[in-house]
Amino acid sequence: MGREPRRRRSSHRAAEYGRLRKKTPEREFVEALERDFEMSPRESRGVLEVVQETFFDKRELGRGQVEYTAVHADEGPGEAMEALRKVRLILTKEEAGDREVQEKH
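*Asks:* Account for the environment of G64, with residues named and values stated.
*Replies:* Structurally, G64 can be placed in the loop between α3 (41-56) and β1 (65-71). Between the alpha carbons of G64 and T92 there is a distance of 5.6 Å; along the sequence they are 28 residues apart. Contacts of G64, omitting those with residues within four sequence positions, involve L91, T92 and K93.

This is the structure in C-alpha coordinates:
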(Lines give C-alpha, C1' and ligand atoms only; values in the text may rest on other atoms or scores of the structure.)
Protein backbone atom coordinates (compact mmCIF):
# COMPACT_ATOMS: atom_id res chain seq x y z
CA MET A 1 0.00 0.00 0.00
CA GLY A 2 1.81 2.99 -1.24
CA ARG A 3 1.30 6.51 -0.20
CA GLU A 4 0.92 9.24 -2.69
CA PRO A 5 3.92 11.52 -2.66
CA ARG A 6 3.30 14.74 -0.81
CA ARG A 7 3.32 17.77 -3.06
CA ARG A 8 5.55 20.58 -2.00
CA ARG A 9 4.64 24.15 -2.62
CA SER A 10 7.16 26.16 -4.46
CA SER A 11 8.81 28.87 -2.40
CA HIS A 12 7.21 31.47 -4.71
CA ARG A 13 3.75 30.04 -4.12
CA ALA A 14 4.30 29.85 -0.35
CA ALA A 15 5.48 33.49 -0.29
CA GLU A 16 2.43 34.58 -2.29
CA TYR A 17 0.15 32.70 0.10
CA GLY A 18 1.83 34.44 3.05
CA ARG A 19 1.31 37.86 1.44
CA LEU A 20 -2.36 37.16 0.77
CA ARG A 21 -2.92 36.05 4.37
CA LYS A 22 -1.59 39.41 5.53
CA LYS A 23 -3.92 41.38 3.25
CA THR A 24 -6.82 41.67 5.62
CA PRO A 25 -8.79 44.88 6.12
CA GLU A 26 -7.46 45.00 9.69
CA ARG A 27 -3.84 44.73 8.55
CA GLU A 28 -4.37 47.37 5.86
CA PHE A 29 -5.89 49.72 8.47
CA VAL A 30 -2.92 49.25 10.81
CA GLU A 31 -0.44 49.78 7.99
CA ALA A 32 -2.25 52.98 6.92
CA LEU A 33 -2.04 54.33 10.48
CA GLU A 34 1.68 53.55 10.59
CA ARG A 35 2.37 55.01 7.15
CA ASP A 36 0.00 57.99 6.96
CA PHE A 37 -0.05 59.08 10.61
CA GLU A 38 3.43 57.89 11.61
CA MET A 39 2.07 55.82 14.49
CA SER A 40 4.10 53.04 16.03
CA PRO A 41 2.93 49.46 15.43
CA ARG A 42 1.74 49.29 19.04
CA GLU A 43 -0.25 52.53 18.76
CA SER A 44 -1.76 51.38 15.46
CA ARG A 45 -2.92 48.08 16.93
CA GLY A 46 -4.37 49.96 19.91
CA VAL A 47 -6.38 52.23 17.62
CA LEU A 48 -7.63 49.17 15.72
CA GLU A 49 -8.78 47.55 18.99
CA VAL A 50 -10.68 50.69 20.03
CA VAL A 51 -12.34 50.94 16.61
CA GLN A 52 -13.36 47.27 16.70
CA GLU A 53 -14.75 47.53 20.23
CA THR A 54 -16.59 50.78 19.51
CA PHE A 55 -18.11 50.01 16.12
CA PHE A 56 -18.03 46.26 15.63
CA ASP A 57 -18.58 44.68 19.05
CA LYS A 58 -20.95 41.82 18.33
CA ARG A 59 -22.55 41.51 21.74
CA GLU A 60 -26.08 40.24 21.56
CA LEU A 61 -28.58 42.32 23.46
CA GLY A 62 -31.45 40.55 25.11
CA ARG A 63 -35.05 41.61 25.35
CA GLY A 64 -35.36 44.85 27.29
CA GLN A 65 -31.64 45.64 27.04
CA VAL A 66 -29.91 48.71 25.63
CA GLU A 67 -26.23 49.59 25.29
CA TYR A 68 -25.14 52.87 26.90
CA THR A 69 -21.84 54.75 27.21
CA ALA A 70 -21.33 56.42 30.60
CA VAL A 71 -18.61 58.33 32.41
CA HIS A 72 -16.61 56.08 34.74
CA ALA A 73 -17.64 56.35 38.42
CA ASP A 74 -14.09 57.33 39.47
CA GLU A 75 -14.17 60.50 37.35
CA GLY A 76 -14.94 63.75 39.12
CA PRO A 77 -16.64 66.96 38.04
CA GLY A 78 -15.00 69.89 36.30
CA GLU A 79 -13.29 68.12 33.39
CA ALA A 80 -14.17 68.33 29.73
CA MET A 81 -16.23 65.36 28.53
CA GLU A 82 -13.51 64.38 26.05
CA ALA A 83 -10.97 64.02 28.89
CA LEU A 84 -13.12 61.73 31.03
CA ARG A 85 -12.75 57.96 31.03
CA LYS A 86 -15.86 56.23 29.75
CA VAL A 87 -17.29 52.72 30.04
CA ARG A 88 -19.82 50.84 27.93
CA LEU A 89 -22.73 49.33 29.80
CA ILE A 90 -25.65 47.10 29.02
CA LEU A 91 -28.75 48.29 30.85
CA THR A 92 -31.67 45.96 31.40
CA LYS A 93 -35.21 47.20 31.86
CA GLU A 94 -36.70 46.10 35.15
CA GLU A 95 -39.67 43.77 34.78
CA ALA A 96 -42.59 43.41 37.18
CA GLY A 97 -41.37 39.88 37.98
CA ASP A 98 -38.07 41.35 39.20
CA ARG A 99 -39.87 43.24 41.94
CA GLU A 100 -41.59 40.06 43.14
CA VAL A 101 -38.25 38.27 43.44
CA GLN A 102 -36.75 41.23 45.35
CA GLU A 103 -39.65 41.22 47.81
CA LYS A 104 -39.22 37.48 48.53
CA HIS A 105 -35.48 37.76 49.16
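Text resumes after the structure shown.
*Asks:* Tell me what's going on with the packing of helix α2 (residues 25-36) against α3, and back it up with residues and numbers.
*Replies:* One can describe the packing of α2 onto α3 by two numbers: an axis separation of 9 Å at closest approach and a directional angle of 130 degrees. What the angle tells us is that α2 and α3 run oblique. Like other packed secondary-structure pairs, α2 and α3 cross with a definite hand, here right-handed. Mapping the contact onto sequence places E26, F29, V30, L33 and E34 in α2 and P41, S44, R45, V47, L48, V51 and Q52 in α3. Split into classes, the residues belonging to the contact of α2 with α3 amount to 7 nonpolar, 2 polar and 3 charged.

*Asks:* I'd like a description of unusual backbone geometry, backed by residues and values.
*Replies:* The residue E38 is not glycine, and still its phi comes out positive at about 55 degrees. Relative to the elements of secondary structure, E38 occurs in the loop between α2 and α3.

*Asks:* Give a detailed account of the confidence of the model for the protein chain, specifying residues and quantitative values.
*Replies:* Residues with a pLDDT of 70 or more make up 85% of the protein chain, whose mean pLDDT is 82. Averaged over each element, pLDDT in the protein chain is lowest for helix α1 (residues 11-22) (71) and highest for α2 (92).

What counts as what
- Residues numbered from 1 in each chain as written.
- Predicted model: local features only at pLDDT ≥ 70, side-chain atom pairs only at ≥ 80, totals over all residues.
- Heavy atoms only, no water.
- Helix = DSSP H or I, 4+ residues; strand = E, 2+ residues; numbered from the N terminus.
- Contact = heavy atoms within 4.5 Å.
- Axes fitted to C-alpha atoms, helices over the stretch in contact; angles between N-to-C directions.
- Parallel < 35°, antiparallel > 145°, perpendicular 65-115°, else oblique.
- Left-handed = near helix turned anticlockwise from the far one by under 90°.
- Nonpolar A, V, L, I, M, F, W, Y, C, P; charged D, E, K, R; others polar.
- pLDDT = per-residue confidence, 0-100.

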